[in-house]
Amino acid sequence: MQHAVGGPLPPPERSGWAPDPVNGPGGPQGGRPPVPPPPPSAPARPGSRLGVHRAVQAGAPGAPHPAAPPAPQGAPVWGAPGAVPQPPAAPPSAPPHRAEPTGHVPLPPVAPLAPPAEPGGGTGTATLAVLLIGPAGAGKTTVARHWAQRRRVPTAHISLDDVREWVCSGFADPQSGWNENSEAQYRLARRTCGFAARNFLANGISCILDDAVFPDRPVVGLGGWKRHVGPGLLPVVLLPGLEIVLERNAERSGNRRLSDEEVAAIHGRMAGWYGSGLPIIDNSTYDVETTARVLDEVLARAIASPPAW
């Protein structure tokens with residue numbers, strides 16, 4: 001038999017009797033079996049302890065009545081007419097945990113961090129979401145961080161490679177082969193970057209992301225970034241010559257360094273961005289400072305006249 005959650009349990013079953021629905025288990029029409037009277041005994045002397053006890057049982061006038069012990073709080077009272085057993089009050093439960101959504105976090109106002117580098121001010125104090133695209137060795141991460149550090153307003157740098165490497169045990173290294181596991185970790189890292197970017201933007205902090213996005217994969221490439229960050233994302237391609245990319249890649253170490261064949265293949269696929277309508281910066285002869293300044297100018301023009309990409 002099933003019982004309602006939190007409801008009182010029924011009394012133990014006994015053969016030959018049942019609780020009275022009107023007067024309770026001790027009522028006259030059902031209740032518990034009557035207790036037989038005690039056998040007769042010799043009369044007690046008046047005033048003795050036994051005599052007082054029998055006088056109380058018989059209801060003699062003037063006999064003292066001992067006080068009944070108080071019932072424990074919340075305990076059911078059986079035998080009272082119309083009494084319904086009540087379960088003890090349940091302790092208040094803690095409110096259910098809810099994940100904190102992406103949204104506004106009160107931040108104190110921040111004054112401009114530095115004077116504008118150019119008379120025009122470039123992007124100025126605009127809140128931007130930028131995606132810097134380029135092959136391995138193009139200098140995306142270095143330029144993105146430099147641009148974020150030199151802005152007049154708070155700006156965050158989010159590197160997809162850094163987020164992917166948050167996975168320590170079980171990291172699916174693309175150098176070991178681009179397979180289903182590495183593809184899944186890439187998608188997870190990109191979604192994590194998009195969540196972080198939206199959180200920064202919701203609080204008035206600009207952000208710049210960098211990733212090697214291929215033009216021949218619009219769904220998981222640029223289209224995926226726009227879905228995760230938002231339609232206001234401004235993509236810019238950083239594409240130096242192949243010789244420069246090979247030279248910079250040779251200076252890398254660890255899993256960030258690719259083979260020359262891989263670098264050449266990636267660079268060739270990036271050439272598909274020409275004719276796409278995205279702004280392209282050839283930083284073959286630029287240092288980091290110059291490249292960051294040119295990037296700011298390109299973004300300022302994109303803000304003034306948004307391209308149709």
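Criteria and cut-off values
Residues numbered from 1 in each chain as written. Predicted model: local features only at pLDDT ≥ 70, side-chain atom pairs only at ≥ 80, totals over all residues. Heavy atoms only, no water. Pairing = 2+ DSSP bridges. Helix = DSSP H or I, 4+ residues; strand = E, 2+ residues; numbered from the N terminus. Contact = heavy atoms within 4.5 Å. Axes fitted to C-alpha atoms, helices over the stretch in contact; angles between N-to-C directions. Parallel < 35°, antiparallel > 145°, perpendicular 65-115°, else oblique. Left-handed = near helix turned anticlockwise from the far one by under 90°. Nonpolar A, V, L, I, M, F, W, Y, C, P; charged D, E, K, R; others polar. Salt bridge = Lys/Arg side-chain N within 4 Å of Asp/Glu carboxyl O.

Q: Whenever I open this one, the sheet that holds strand β3 (residues 206-211) confuses me. Can you help?
A: Sheet strands associate in pairs through backbone hydrogen bonding, adopting either a parallel or an antiparallel arrangement. Sheet architecture is open: 5 strands sit in the order β2-β3-β1-β4-β5, paired in parallel fashion. Edge positions in the open sheet fall to β2 (155-159) and β5 (280-281), since each of these has one partner strand only. Across 2 bridges, strand β4 (residues 234-238) lies against β5 in parallel orientation. For L238, the partnering residue across the bridge sits in β5 and is I281. Packed on one face of the sheet, helix α8 (residues 288-304) meets β1 (129-133), β3, β4 and β5 and runs near 145° to β4.

Q: Would you mind going over the packing of helix α6 (residues 242-250) against helix α7 (residues 260-270) with me for this structure?
A: Packed helix pairs are specified by the crossing angle of their axes together with the interaxial distance, meaning the distance between the axes. It is the contact of α6 with α7, at a shortest axis distance of 10 Å, that shows an interaxial angle of 140°. Relative to α7, the element α6 lies oblique. Like other packed secondary-structure pairs, α6 and α7 cross with a definite hand, here right-handed. Between α6, through L242, V245, L246 and N249, and α7, the contact on the second element is made entirely by D260, V263, A264 and H267. Of the residues belonging to the contact of α6 with α7, the class tally is 5 nonpolar, 2 polar and 1 charged.

Q: Honestly, the packing of helix α2 (residues 140-149) against α8 in this entry has me stumped. Any pointers?
A: Close contact between α2 and α8 brings their axes to 9 Å; oriented N to C, the two are set at 70°. When the axis of α2 is compared with that of α8, the two are roughly perpendicular. Pair α2 / α8 crosses with right-handed handedness. Together, T142, V143, H146 and W147 of α2 and V288, E289, T291, A292, L295, D296 and L299 of α8 make up the contact between the two elements.

Q: Explanation requested: the pattern of salt bridges in the structure shown.
A: Where charged atoms from two side chains of opposite charge approach closely, those side chains can pair. One pass over the full model with this rule turns up 4 salt bridges. Of the charged contacts, one joins R269 and D216 as a salt bridge, the two residues approaching to 3.0 Å between their closest N and O atoms. Remark: D216 occurs in the loop between β3 and α5 (222-229) and R269 occurs in helix α7; sequence separation between them is 53 residues.

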